[in-house]
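Summary of the model geometry
So the chains spell out like this:
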Amino acid sequence: MLVLQGGGALGAYQAGVFEALAAAGHEPSWVAGISIGAVNAALIAGNPPERRLAALRAFWDHASSRVPFPSPFADGWGRRLFNEAAAGVVAMSGIPGFFTPRLTPPWLALPGSPEATSLYDTAPLRETLLELVDFDLLNNGPMRFSVGAVNVLSGNFTYFDNRERLIGPEHIMASGALPPGFSAVMIDGEPYWDGGIVSNTPLQYVLDTRGGASPLLVFQVDLFSARGMMPRTLPEAMQREKDIRFSSRTRLGTDLQVRFEAMAAAASRLAARLPDALKDDPDLAALIGQAVDDPVTILHLINRGEDFESQGKDYEFSRMTIEGHWTAGRSDVERSLASPRWKNRNRPDCGIVTLDLA
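An account of the accompanying structure is given in this report. Since we're looking at a predicted model, the values are computed, not measured.

Attention now goes to the side chain of Ser318. Within the secondary structure layout, Ser318 lies in the loop between strand S10 (296–302) and helix H13 (319–338). Ser318 gets classed as buried once you look at its relative accessible area, which sits at 0%. The contacts of Ser318, once residues within four sequence positions are left out, are Ser64, Val67, Phe82 and Ala86.

Close contact between helix H3 (residues 49–63) and H13 brings their axes to 11 Å; oriented N to C, the two are set at 150°. Judged by the angle between their axes, H3 and H13 are roughly antiparallel. Listed contacts from H13 to Leu53, Leu56, Arg57, Trp60 and Asp61 of H3 are Arg319, Ile322, Glu323 and Trp326. In the contact of H3 with H13, the residues fall into 5 nonpolar, no polar and 4 charged.

Moving on, we come to the nonpolar core. Soluble globular proteins: nonpolar side chains tend toward being buried together. Formed by 65 residues in total, the largest nonpolar core has its most connected members in Leu2, Phe59, Trp60, Phe98, Phe145 and Phe317. In terms of residues, this core owes the most to one element, helix H2 (residues 36–45), which gives 8 residues. Sequence-distant contacts of Phe145, defined by excluding residues within four places in its chain, comprise Trp30, Val31, Ala38, Ala41, Ala42, Ala45, Leu138, Phe160, Asp161, Asn162, Ile167 and Ile172. Met1, Val3, Trp30 and Tyr159 belong to the second largest nonpolar core, which has 15 residues in total.

Once that is clear, we can look at the packing of aromatic side chains. Evaluation of the coordinates by the stated rule reveals 15 aromatic pairs. Ring centres of Trp60 and Phe317 lie 6.2 Å apart, and the angle between their planes is 15°; on these two criteria the pair is classed as stacked. In this pair, Trp60 sits in helix H3 while Phe317 sits in the loop between S10 and H13, placing the two residues 257 residues apart along the sequence. Since its relative accessible area comes to 1%, Trp60 is described here as buried. Ring centres 5.1 Å apart and planes at 55° place the aromatic pair Phe99 and Phe182 in the tilted group. With Phe99 in the loop between helix H4 (76–93) and strand S3 (100–101) and Phe182 in the loop between helix H8 (169–175) and strand S7 (185–187), this pair connects stretches of sequence that are 83 residues apart. We note that Phe99, like Phe182, is buried. Grouping aromatic residues by their ring pairs yields a cluster made of Phe59, Trp60, Phe98, Phe99, Tyr120, Phe182 and Phe317. Stacked on the ring of Trp77, the Lys or Arg Arg80 has its end atom at 5.2 Å from the ring centre.

Moving on, we get to the pairing of S10. Across the 7 residues that make up S10, a large majority, 7, are buried. The sheet contact formed by strand S9 (residues 216–222) and S10 spans 7 bridges and is parallel. Bridge pairing links Asp222 to Ile302 in S10. Across 4 bridges, S10 lies against strand S11 (residues 352–355) in parallel orientation. Residue pairing in the sheet places Ile298 in a bridge with Thr354 of S11.

Cis geometry is adopted by the peptide bond preceding Pro180, which originates at Pro179 and carries an omega value of -5°. Looking at the element boundaries, Pro180 is found in the loop between H8 and S7. One non-glycine residue, Ser35, lies in the positive phi region at around 60°. For Ser35, the location among the structural elements is in the loop between strand S2 (30–34) and H2. In this structure Ser35 comes out as buried when scored by relative accessible area, which is 12%. A positive phi is found at Asp188, a non-glycine position, where the angle reads about 50°. Tracing the sequence through the fold places Asp188 in the loop between S7 and strand S8 (190–194).

The rules behind the values
Residues numbered from 1 in each chain as written. Predicted model: local features only at pLDDT ≥ 70, side-chain atom pairs only at ≥ 80, totals over all residues. Heavy atoms only, no water. Helix = DSSP H or I, 4+ residues; strand = E, 2+ residues; numbered from the N terminus. Buried < 20%, exposed > 50% of the residue type's maximum accessible area, 1.4 Å probe, protein only. Contact = heavy atoms within 4.5 Å. Axes fitted to C-alpha atoms, helices over the stretch in contact; angles between N-to-C directions. Parallel < 35°, antiparallel > 145°, perpendicular 65-115°, else oblique. Nonpolar A, V, L, I, M, F, W, Y, C, P; charged D, E, K, R; others polar. Core = buried A, V, L, I, M, F, W, Y, C linked by side-chain atoms within 4.5 Å. Phe/Tyr/Trp six-rings, centres within 6.5 Å; stacked < 30°, edge-to-face > 60°. Lys NZ or Arg CZ within 6 Å of the ring centre and 35° of its normal. Pairing = 2+ DSSP bridges.

Below you can see the structure in the form of structure tokens.
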């Protein structure tokens, strides 16, 4: 299965990951995403196998068409200035097929209206999704599809899953409605914002709801790296803060799951030594129940970033940068699948094994 983190323009990395996985025969049976990960997930689940890559390419080519020319600088400060200028173009004029600036400033709009609570209109994204995603296939096809959003009123995290409800464009848009850029999306009378506000990865939802007893192979694709250098300037400090905030608990989730496994194993060993009168104790059963019966292998793929990237990297949609993210995702998968640690990995009988090979 494929687990896709949020991260705006960085989502092109996930498209490259999918291209390489599909070429290697790893077609997902389940895709789960947050924010731009939800958009990529919809493009995958809402198309037959032979059209998935074309749908991803159409979306990312269109999104990067505002700045189609390459930077005259390969790297360093010149490239950083180019990237910041390209991000400025997006901030001023929006992204084709994604969002456009609102004509009415928020302070002049009617309180409570979308114009008063956001800077951009995401109506173009709805049209793009309707054009590139077959929602009949997404809802009735063989692939499971899950996207996460946050209820604005309760602050609670919610997943929209095609195994539980009919999915439409609004569910995907809700998953990516990051304030104050985008307004909340109404679903069943409730307003929803970007799921990344609470957790930028749907991995825990996948682990909690996977069911069954067959081995599960998860490709977890993160767009922000939790590890990084000490910032030297204010823009670097802003970028580092964003990386830490949106790397969002992937490591914490897997570490906690391993601890749960250890606790459950210890409880099972203890149960074997207890007298029969205590073996049916409900507290003991609850501890043992934390164990994962079916084995889970997680291949963790992380967009490590480049030195020339700035704090606006998640809305820097120049064609050159988007192609760079796509290529990086494809290369990371190819290196990971070629690694001896992957080819010779131990396949667990139970529990979770996490690999980070790129």
